[in-house]
Amino acid sequence: MKNQVYTAEILGYSSEGLGIARIHGQVVFVHDAIRGEVCDILIMKVGKSAAFGKAVAWHTVSPHRREPDCPYYRRCGGCAYRHMDYAEELWAKGQRVQDALTRLGGSHVQVEEILGASQPLHYRNKSQYPVSPDGKVGFYRARTHCVTDLTACLIQKPQADAAAGALRTYLAEYRVPGYDEQTGTGLVRHLYVRTNASGQSLLCVVVNGEALPHEDALVSALRRAVPDAVGVVLGVNTRRDNVILGDRYRTLWGRDTLTDTLCGHTFRLSIPSFYQVNRDQAQVLYRRAVDYAGLTGTELVLDLYCGAGTITLTMADKAKKVIGAEIVSAAVENARENAAANGIENAEFFCGDAGDIASKLAAEKLHPDVICVDPPRKGLAPEVIDTMARMGPQRIVYVSCDPATLGRDVKLLAQKGYRLTRATAVDLFPGTAHVETVALLSRETNPPTAGTIKEACGTSK
């Protein structure tokens, strides 16, 4: 079968945006193909359960096909849908969420809609550029750690691309080596740029060491490239793994935080604080989450994986009290500062693992009316699901960045008496294969009698 050409129709899309065909009963994932097209497919690889191929000729061309608008497309692994129009991309993402909820979650609930972005270009407010050993500053090719050097990206902010160019010049001029993952040698690992709605940026250079040569020259170059920068930070990461950020930071110039506005609140963000990368669509996402929470002003809300408190403080506007839990200490500090800066007095934050904090609060007989979760891509740990069920909230609002783990967790929560009742897909990542989902799970039996908030909350120290 390998190296053979077959004619087949593209039936749908994989989670990575590849076209799906069936040839002699076998699933074939096809690069550069669109649903409804009939293609000649060259088989490039055959696995145990599926094959991979690429379209080499078209008998039927989709009306959704377009010429990719990025010169780096197919060399850079960041985007998956630049060969089709946005309407088809949204269909693919909405169907991906629906398939996950149905096939993995065992639910018959239909996704209500997919909320697309009004601005699908230059939306990312956080950019992370890996640096290669030979000084390339760009993004990884698909399924590799080989850096594609690029000067402009259609989904990054111009400030981020300008900072990447300044770093590239600095590396060449002062012969500073990039990091080599294979040997653990070299200095510069990543460039991290965070940009707010008003165009200000916070820059961080992540290094395999404690310092860089000619740091003043680097700062000057970055400030010239990004005139509205508020600070330049050096991040230290000497671990031999793929984690981007380290655990220590040193401010080279300016501030080590950036302020942004979201859902009517002001947020102070440090380098490691979690914050959605698409501010405009994050507001759409959070409004839907608040809608699903069904708040009337009398509820106690627990927000797990709260980051810098963005969802927590948005919920606080309509709840009696909200409690946020987050493992990153700097983010918790930002969350407390953000609550104070916005005059919000009904929010409390705890620092620690979501499962540990939830277990502690459950042991104190906390019975929140609503639990909101926004976990990392791996989804919820089984012990977190068990603890949430013991707390007995009436509703669980699940914000997910991975439809597959959401589907898995929906099935596990159903076994605990929580049934999926509503779901909406939200596109925070136009052009890429990622999609967010807001899901509402409702308790099928009456919740336990709630204890008083004072008894349940204890101390946040």
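Caption draft 1: Up close: the overall build of the protein chain. Scanning the protein chain for helices and strands turns up ten helices and 23 strands. A globule of 461 residues ought to have a C-alpha radius of gyration of about 23 Å, and the protein chain, at 23 Å, matches this closely. The C-alpha extent of the protein chain, read off along each of the three principal axes, is 65 × 60 × 40 Å. The proportion of buried residues among the 461 residues of the protein chain is 55%. Looking at the protein chain as shown, the accessible area adds up to about 19,700 Å², and 51% of this sits on carbon and sulfur atoms. In the protein chain, 53 positive and 50 negative side-chain charges are present, and the distance between their average locations comes to 2 Å.

Caption draft 2: Layout of the nonpolar core. Among the nonpolar cores identified, the biggest contains 76 residues, and Leu167, Val188, Leu212, Met315 and Val397 are the most heavily contacted of them. Setting aside its immediate chain neighbours within four residues, Val188 contacts Val131, Leu167, Leu171, Val176, Pro177, Gly178, Tyr179, Val205, Val206, Val207 and Leu212. Leu380, Met388, Ala425 and Leu441 belong to the second-largest nonpolar core, a separate cluster that totals 36 residues.

Caption draft 3: Highlighting the sheet that holds strand β8 (residues 126-130). Pairing is mixed across the open sheet formed by five strands, whose spatial order is β8-β11-β12-β13-β14. The sheet is open, and its two edges are formed by β8 and β14 (248-254), each paired on a single side. Direction aside, the axes of adjacent strands within the sheet are offset by 20° on average. Note that strand β13 (residues 229-236) and β14 share six bridges and pair antiparallel. Counted as the bridge partner of Val236 is Arg248 from β14. Packed onto the sheet, helix α2 (residues 158-173) meets β8, β11 (188-195) and β12 (201-207) and runs at close to 155° relative to β11.

Caption draft 4: Broad picture of the side chain of Asn196. With respect to the helices and strands, Asn196 occurs in the loop between β11 and β12. Within the local environment of Asn196, its side chain forms a polar contact with the side chain of Ser198, the two groups lying 3.0 Å apart. From its side chain, Asn196 meets the backbone nitrogen of Gln200 in a polar contact 2.8 Å long. Contacts of Asn196, omitting those with residues within four sequence positions, involve Leu258, Thr259 and Asp260.

Caption draft 5: Spotlight on the environment of Arg82. Mapped onto the elements, Arg82 comes out in the loop between β6 (50-60) and α1 (86-104). Between the C-alpha atoms of Arg82 and Glu67, which are 15 residues apart in sequence, the distance is 7.8 Å. Among all residues touching Arg82, those that are not within four sequence positions of it are Arg66, Glu67, Pro68, Asp69, Cys70, Tyr73, Leu121, Leu154, Ile155 and Gly431.

Caption draft 6: Quick look at helix α3 (residues 215-225). Among all positions of α3, only Glu215, Leu218, Val219, Ala221 and Leu222 are buried. Looking straight down α3, one finds that the buried residues subtend no more than 165° of arc, so they occupy a single side. With respect to the buried face of α3, the exposed residues turned more than 90 degrees away are Asp216 and Arg224. Taken together, the buried residues of α3 touch α2, β12, β13 and β14.

Caption draft 7: Just unusual backbone geometry, in detail. Positive phi outside glycine occurs at Asp32, with the angle close to 60°. Residue Asp32 is classed as partly exposed on the basis of its relative accessible area of 21%. Within the chain, Arg74 stands out as a residue other than glycine whose phi angle is a positive 80°. Along the chain, Arg74 turns up in the loop between β6 and α1.

Caption draft 8: Representation of the sheet that holds strand β17 (residues 300-304) within the structure. On the basis of which strands lie adjacent, the open sheet formed by eight strands has the order β7-β22-β23-β21-β20-β17-β18-β19 and mixed pairing. What marks the edges here is a single partner per strand, and that holds for β7 (114-115) and β19 (347-351). Direction of pairing for strand β22 (residues 418-426) relative to strand β23 (residues 436-443): antiparallel, over a ladder of eight bridges. Bridge pairing links Val426 to Glu436 in β23.

Caption draft 9: Representation of the confidence of the model for the protein chain. Per-residue pLDDT for the protein chain averages 93, and the proportion of residues at 70 or more is 96%. Predicted confidence is poor over residues 447-461, with pLDDT under 50, and the contacts of this stretch with residues over four places away or in other chains come to 32 contacts.

Caption draft 10: Spotlight on helix α6 (residues 329-341). Over its 13 residues, α6 runs 18 Å from end to end, which matches the ideal 18 Å to within 8%, given 1.5 Å per residue. Buried residues along α6 sit against β16 (265-270), α5 (310-316), β18 (321-326) and β19. In the segment just after α6, Gly343 is the residue with positive phi, at about 65°.

Caption draft 11: Seen up close, the packing of aromatic side chains. Tallied over the entire structure, the rule returns four aromatic pairs. Residues Phe29 and Phe52 carry aromatic rings whose centres are separated by 5.4 Å and whose planes lie at 35° to one another, so their mutual orientation is tilted. Remark: Phe52 occurs in strand β6 and Phe29 occurs in strand β4 (residues 26-31); sequence separation between them is 23 residues. Taking 5.5 Å as the distance between ring centres and 45° as the angle between the ring planes, the aromatic pair formed by Tyr170 and Tyr174 counts as tilted. Residue classification places Tyr174 among the partly exposed residues on the basis of a relative accessible area of 29%. Residue placement shows Arg35 over the ring face of Trp91; its charged tip is 3.6 Å from the ring centre. Over the ring of Tyr179 we find Arg189; its NZ or CZ atom is 4.1 Å from the centre of that ring.

Cut-off values and rules
- Numbers given to residues run from 1 along each chain, matching the order in which its sequence is written.
- Confidence filtering applies because this is a predicted model: local features only for residues at pLDDT of at least 70, side-chain atom pairs given and counted only at 80 or more, and all residues used for totals across whole chains, interfaces and linings.
- Side-chain measures here rest on the full set of heavy atoms in the structure, leaving out hydrogens and waters.
- Working definition: helices are DSSP H or I runs of at least four residues, strands are E runs of at least two. Numbering for both runs from the N terminus.
- When we talk radius of gyration, it's over C-alpha atoms, and the globule rule is simply 2.2 Å times the number of residues to the 0.38.
- Accessible area is worked out with a 1.4 Å probe on protein chains only. A residue is then buried under 20% of its type maximum, exposed over 50%, and partly exposed in between.
- The method behind every accessible area is Shrake-Rupley, applied with a 1.4 Å probe, and residues are considered shielded solely by the protein chains displayed.
- In this tally, Asp and Glu contribute negative charge and Lys and Arg positive charge; neither His nor the terminal groups of the chain are included.
- Charge coordinates come from a single atom per side chain, which is NZ of Lys, CZ of Arg, CG of Asp or CD of Glu.
- Among the buried residues, those of types Ala, Val, Leu, Ile, Met, Phe, Trp, Tyr and Cys that are joined through side-chain atoms within 4.5 Å form a nonpolar core.
- When checking whether two residues touch, look at their non-hydrogen atoms; a contact exists if any pair is within 4.5 Å.
- Being paired, for any two strands, means DSSP has found at least two bridges between them.
- Between N-to-C directions, angles span 0 to 180 degrees; the directions come from axes that are lines fitted to C-alpha atoms, helices contributing only their stretch in contact.
- Pairs of N or O atoms within 3.5 Å make up the polar contacts considered here, provided that, within protein, one atom can donate a hydrogen while the other can accept it, and that residues adjacent in sequence are counted only when both atoms are side-chain atoms.
- To obtain the arc, one takes the directions from the helix axis to the C-beta atoms.
- Every residue gets a pLDDT, meaning the predictor's confidence in that residue, from 0 to 100.
- Take the residue count of a helix, subtract one, and multiply by 1.5 Å to get its expected span.
- Classification of ring pairs rests on two measures: the distance between centres of Phe, Tyr or Trp rings, Trp counted by its six-membered ring, which must be within 6.5 Å, and the angle between planes, read as stacked under 30 degrees, edge-to-face over 60 and tilted in between.
- Our definition puts a charge over a ring when NZ of Lys or CZ of Arg is within 6 Å of the ring centre and also within 35 degrees of the ring normal.

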